[in-house]
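Structural features, examined
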Amino acid sequence: SPLVAVVTAAAELSSKSISELLRLRKDAHSLLSLEEMKRLWDKCMAFVSSLEEVTGYKASALRSTMLSQAKAFIERQHDSNMSAMVAALESERWAQCEVSTQRQA
């Protein structure tokens, strides 16, 4: 039916438009706090679920974009945590000490 075709076309266009908007904001999104990223993820996934339920259109591009955003966020968090850990370890004072062979076993 023509109405189904229009709704499906609108769903596809909205999914692609949001996906492109998210792609353009990838760097900004990688700087979000965990709570902000979770809120963005939840809102987008709720939209995707509703879109797919109502139209039957599979919003794979939007899902893929969100996975890419989440990966970039996690990688940035990991790098930040690693840098903080390295800085903490380098600032500690280490002294050599004797360790018995029993403790080394």
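Described in the following lines is the structure provided in the data block. Throughout this description, residue numbers start from 1 for each chain and increase along the sequence as written. Local features in a predicted model are, by the rule used here, given only for residues with pLDDT of at least 70; side-chain atom pairs are given and counted only at 80 or more, and totals for whole chains, interfaces and linings are based on all residues. Side-chain numbers come from the whole structure's heavy atoms, not from hydrogens or water.

The secondary structure content of the protein amounts to 5 helices and 0 strands. Helix and strand definitions follow DSSP, with helices as H or I runs of at least four residues and strands as E runs of at least two, each counted in order from the N terminus. The helix and strand sequence of the protein, counted from the amino end, reads α-α-α-α-α. Its C-alpha atoms give the protein principal-axis dimensions of roughly 80 × 30 × 20 Å. Relative to its full complement of 105 residues, the protein shows a buried share of 23%. Any pair of residues with heavy atoms lying within 4.5 Å of one another is described as a contacting pair. A separation threshold of at least 6 residues defines the contact pool for the protein, and within that pool the share at least 24 residues apart is 71%. For the purpose of charge, His is not counted, nor are the chain termini; Lys and Arg are scored as positive and Asp and Glu as negative. A charged residue contributes its charge at one atom only: NZ of Lys, CZ of Arg, CG of Asp or CD of Glu. Distance between charge centroids for the protein: 3 Å, based on 13 positive and 13 negative side chains. Partly exposed residues are those whose accessible area sits between 20% and 50% of the maximum for their type, while under 20% is buried and over 50% is exposed, using a 1.4 Å probe and protein chains only.

Okay, a nonpolar patch on the surface next. A cluster of nonpolar side chains, namely Met82, Met85, Leu89 and Trp94, defines an oily patch on the protein surface of about 450 Å² accessible area. When you line up the elements, methionine 85 lands in helix 4 (residues 60–91). Each patch is assembled from residues with relative accessible area greater than 30% and no salt bridge, linking like charges that lie within 9 Å and nonpolar side chains (Val, Leu, Ile, Met, Phe, Trp, Tyr) that lie within 5 Å. Accessible areas in this description were obtained via Shrake-Rupley with a 1.4 Å probe; residue shielding takes into account the shown protein chains only. Put simply, a salt bridge is a Lys or Arg side-chain nitrogen that is within 4 Å of an Asp or Glu carboxyl oxygen.

So, on to the nonpolar core. Ranked by size, the top nonpolar core spans 15 residues in total, and within it Leu22, Met37, Leu40, Ala59 and Met66 carry the most contacts. Elements with a contribution of two residues or more to this core: helix 1 (2–24), helix 3 (34–55) and helix 4. The leading source of residues in this core is helix 3, at 6 residues. Once residues within four sequence positions are removed from consideration, methionine 37 is found in contact with His29, Leu32, Gln69, Ala70 and Phe73. By nonpolar core we mean a set of buried residues, namely Ala, Val, Leu, Ile, Met, Phe, Trp, Tyr and Cys, connected to one another through side-chain atoms within 4.5 Å.

Here the focus is the side chain of serine 30. Along the chain, serine 30 turns up in helix 2 (residues 26–30). A relative accessible area of 11% means that serine 30 is categorised as buried. Not counting chain neighbours up to four residues away, the residues in contact with serine 30 comprise Ala72, Phe73 and Arg76.

With that out of the way, let us pick up the packing of helix 1 against helix 3. Axis definition: a line fitted to C-alpha atoms, over the contacting stretch in the case of helices. Angles run 0 to 180 degrees between N-to-C directions. The geometry of helix 1 relative to helix 3 is characterised by a closest axis approach of 10 Å and an angle of 165° between their N-to-C directions. By the angle between their directions, the pair helix 1 and helix 3 is classed as roughly antiparallel. For the pair helix 1 and helix 3, the crossing hand works out as left-handed. Contacts from Val7, Thr8, Ala11, Ser14, Ser15, Ile18 and Leu22 of helix 1 reach helix 3 at Leu40, Cys44, Phe47, Leu51 and Thr55. Of the residues in the contact of helix 1 with helix 3, the class split is 8 nonpolar, 4 polar and no charged. Geometric relationships in this document are graded by angle, where less than 35 degrees denotes roughly parallel, more than 145 denotes roughly antiparallel, 65 to 115 denotes roughly perpendicular, and other angles denote oblique. By definition, turning the near helix anticlockwise from the far helix through less than a right angle yields a left-handed crossing, and turning it clockwise yields a right-handed one. Residue polarity is assigned by list, with Asp, Glu, Lys and Arg as charged and Ala, Val, Leu, Ile, Met, Phe, Trp, Tyr, Cys and Pro as nonpolar; anything else, Gly included, falls into the polar class.

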